[in-house]
Amino acid sequence: MRISYSALETYRNCPLKYKYQNIDKIKEPKSKEAVFGTIIHSALKFAHTPGILSPTLEQTLDYFSRNWNSDVFEVEAEERAAFSQGVEMIRKYYEKNNIAATNIVDLESRFAIDLEGNVISGIIDRIDKTDDGYEIIDYKTAKKMPSQEYVDNNLQLSVYLKAFLVRYPEEAKNLEKIKVSLYFLKHGVKLTASRNLQQLQKIDEEFLEVIKNIEERKFDPNITPLCDWCGYQKLCPMWRHKFKNERKIDTEDVNQMIGEYIVAKEESKSLRYKIAALQEKVSQYMDQEGVERVFSENGIIVRTLRSTYKYDEKKIREILAPLGQWENVVKIDAIALKKIIPALPVSIRNEIDLAREISKQSSSFSIKKQNETEEE
Ligand code: SF4
């Protein structure tokens, strides 16, 4: 399979989005954020373009302004804010970096790495030569500044380093001198980390698992905050209904049914609390009176003591195994299994996956507030 790093990343975030984008080839409308990111990236490429003299701040701002794309902004105030933010990012970048002194090896460097017959391709924003090694840099225009831990474990940087080593294999022995960095332009902060060989090997396993899932056509939707930026919401079964007014599909009856269900669920919740509180009171009264049944005009309440038992597994096995009955009572604890799976090697995870089959399927409903995107 030939796949770009960004497509792999898309699959890891949401398999269904990957399908829309890469299998069904449905064009995603360009988001303002994506267009903004592209312009900033190309302005920084311009700033670092090799020449006798490096472009000045004014020249880079002029480049940014000439390449600005108004088409994706519907609201003028929004466009103005984005433009000023871009100017601010470039200004900050010039303030914190001596452009002329940067020792660039490559800009927007294309790569293709082989992974057991699959090819993963991508583009590295920037590779610098440092005093004693190299630095691989990726620019980010995100508003949120992540933690150092995020950069320490960032998969994208690991892939870029792997790609770098394909190009400069002799540098594998100087791994500690190769830095990988995410440059957060809005904050003017660069977070840097390094990688060891084990970390690099681990990404192979992760990617092979993604490729296997794609080949097995596992394309379930995954609701995350990233849905807010997904251009496929109007197609996606998790969101499509939100646009019902545009599609004029629902009648009054359907709207009423949905509303009634939500209200009934809320009522049942408060009823549950009420029942628990009353049960506690009745129980106290029974204790006080020393009775196990109480009478009223509406009926009789009976208190029954229920006990749950725990068996000594070793002893039960000794008793049942000789009778050939042990297998009949042992059940896999699916919850406990689910907990340990993430820590197991990928090959074992795959074996467990193959040993799994659906025994029963049922639907359950949960209610979320409008605009709530994170999974419960
Ligand atoms: S809206 Fe969310 S769940 Fe649906 S395809 Fe997009 S990212 Fe996936």
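Heads up: the structure comes first, above all this text.
Note that the structure is predicted; figures quoted are calculated from it, not measured. (Residues numbered from 1 in each chain as written. Predicted model: local features only at pLDDT ≥ 70, side-chain atom pairs only at ≥ 80, totals over all residues. Heavy atoms only, no water.)

**What to know about the overall build of the chain**
Helices and strands together make up the secondary structure of the chain, namely 14 helices and eight strands. The C-alpha atoms of the chain give 29 Å as radius of gyration, which overshoots the globular expectation for 376 residues (21 Å, by more than 25%). With the C-alpha coordinates of the chain rotated into their principal frame, the extents come out at 95 × 60 × 45 Å. Taking the intrachain contacts of the chain between residues at least 6 apart in sequence as the baseline, contacts between residues at least 24 apart amount to 62%. For the chain, the separation between the mean place of its 58 positive charges and that of its 60 negative charges on side chains is 1 Å. (Helix = DSSP H or I, 4+ residues; strand = E, 2+ residues; numbered from the N terminus. Rg over C-alpha atoms; globule rule 2.2 N^0.38 Å. Contact = heavy atoms within 4.5 Å. Lys, Arg positive; Asp, Glu negative; His and termini not counted. Charge placed at Lys NZ, Arg CZ, Asp CG, Glu CD.)

**Focus on the site of the ligand**
As a matter of local geometry, the ligand sits amid Cys14, Lys17, Pro221, Asn222, Cys227, Cys230, Gln233, Cys236 and Trp239. A breakdown of the residues in the shell around the ligand according to their chemical character gives six nonpolar, two polar and one charged. (Near = heavy atom within 4 Å. Nonpolar A, V, L, I, M, F, W, Y, C, P; charged D, E, K, R; others polar.)

**So, the packing of helix α1 (residues 5-13) against helix α8 (residues 197-215)**
Running from N to C, α1 and α8 point in directions that differ by 75°, and their axes come no closer than 10 Å. One way to sum up the angle between α1 and α8 is to call them roughly perpendicular. Note on element contacts: α8 touches α1 through Glu206, Phe207, Val210, Asn213 and Ile214, opposite Tyr5, Leu8, Tyr11 and Arg12. In the contact of α1 with α8, the residues fall into six nonpolar, one polar and two charged. (Axes fitted to C-alpha atoms, helices over the stretch in contact; angles between N-to-C directions. Parallel < 35°, antiparallel > 145°, perpendicular 65-115°, else oblique.)

**So, the side chain of glutamate 79**
Mapping glutamate 79 onto the fold places it in helix α5 (residues 76-96). For the buried glutamate 79, no salt bridge exists, and the shortest N-O distance to an oppositely charged side chain is 8.0 Å, to arginine 80. Engagement of the side chain of glutamate 79 in a polar contact is seen with the side chain of tryptophan 68, the distance being 2.9 Å. A polar contact is formed between the side chain of glutamate 79 and the side chain of serine 70, at a distance of 2.9 Å. Setting aside its immediate chain neighbours within four residues, glutamate 79 contacts Trp68, Ser70 and Phe73. (Buried < 20%, exposed > 50% of the residue type's maximum accessible area, 1.4 Å probe, protein only. Salt bridge = Lys/Arg side-chain N within 4 Å of Asp/Glu carboxyl O. Polar contact = N/O pair within 3.5 Å; in protein donor to acceptor, adjacent residues only side chain to side chain.)

**Concerning the packing of aromatic side chains**
Following the criterion strictly, the structure yields 20 aromatic pairs and no others. Joined through ring pairs, the aromatic side chains of Phe36, Phe64, Trp68, Phe73 and Phe83 make up one cluster. The lysine or arginine in question, lysine 129, covers the ring of tyrosine 134, its NZ or CZ lying 4.8 Å from the ring centre. (Phe/Tyr/Trp six-rings, centres within 6.5 Å; stacked < 30°, edge-to-face > 60°. Lys NZ or Arg CZ within 6 Å of the ring centre and 35° of its normal.)

**Side note on the nonpolar core**
If you look at the biggest cluster of nonpolar residues, it comprises 37 residues, and the most contacted ones within it are Ile120, Ile136, Leu161, Phe164, Ile178 and Phe207. Listing elements by their share of this core, those giving two or more residues are α1, β2 (104-115), β3 (118-129), β4 (134-140), α7 (155-167), β5 (178-184), β6 (189-193) and α8. The dominant element in this core, judged by the number of residues it contributes, is α7, at eight residues. Beyond its immediate stretch of four places on either side in the chain, phenylalanine 207 contacts Tyr5, Leu8, Leu115, Ile120, Leu155 and Val159. Core analysis: the next-biggest nonpolar cluster, separate from the first, contains 24 residues, Ala47, Trp68, Ile90 and Ile99 among them. (Core = buried A, V, L, I, M, F, W, Y, C linked by side-chain atoms within 4.5 Å.)

**Some thoughts on the pairing of β3**
Among the 12 residues of β3, nine are classified as buried, and the element is accordingly described as predominantly covered. Across three bridges, strand β1 (residues 2-4) lies against β3 in parallel orientation. Directly across from isoleucine 3, in β3, lies its bridge partner isoleucine 120. Pairing of β2 with β3, which is carried by 10 bridges, proceeds in the antiparallel orientation. In the sheet register, aspartate 114 faces β3, and the bridge partner there is valine 119. Note: β3 against β4, four bridges, orientation antiparallel. Note that in β4 the partner of arginine 126 across the bridge is isoleucine 137. (Pairing = 2+ DSSP bridges.)

**A word on the pattern of salt bridges**
By the definition in use, this model includes 22 salt bridges. The partner of glutamate 135 in a salt bridge is lysine 190, and the shortest N-O contact between them spans 2.9 Å. You can see glutamate 135 sitting in strand β4 and its partner lysine 190 sitting in strand β6, a full 55 residues away along the chain. Members of the salt-bridge network, linked through shared partners, are Lys212, Glu216, Lys218, Asp353 and Arg356.

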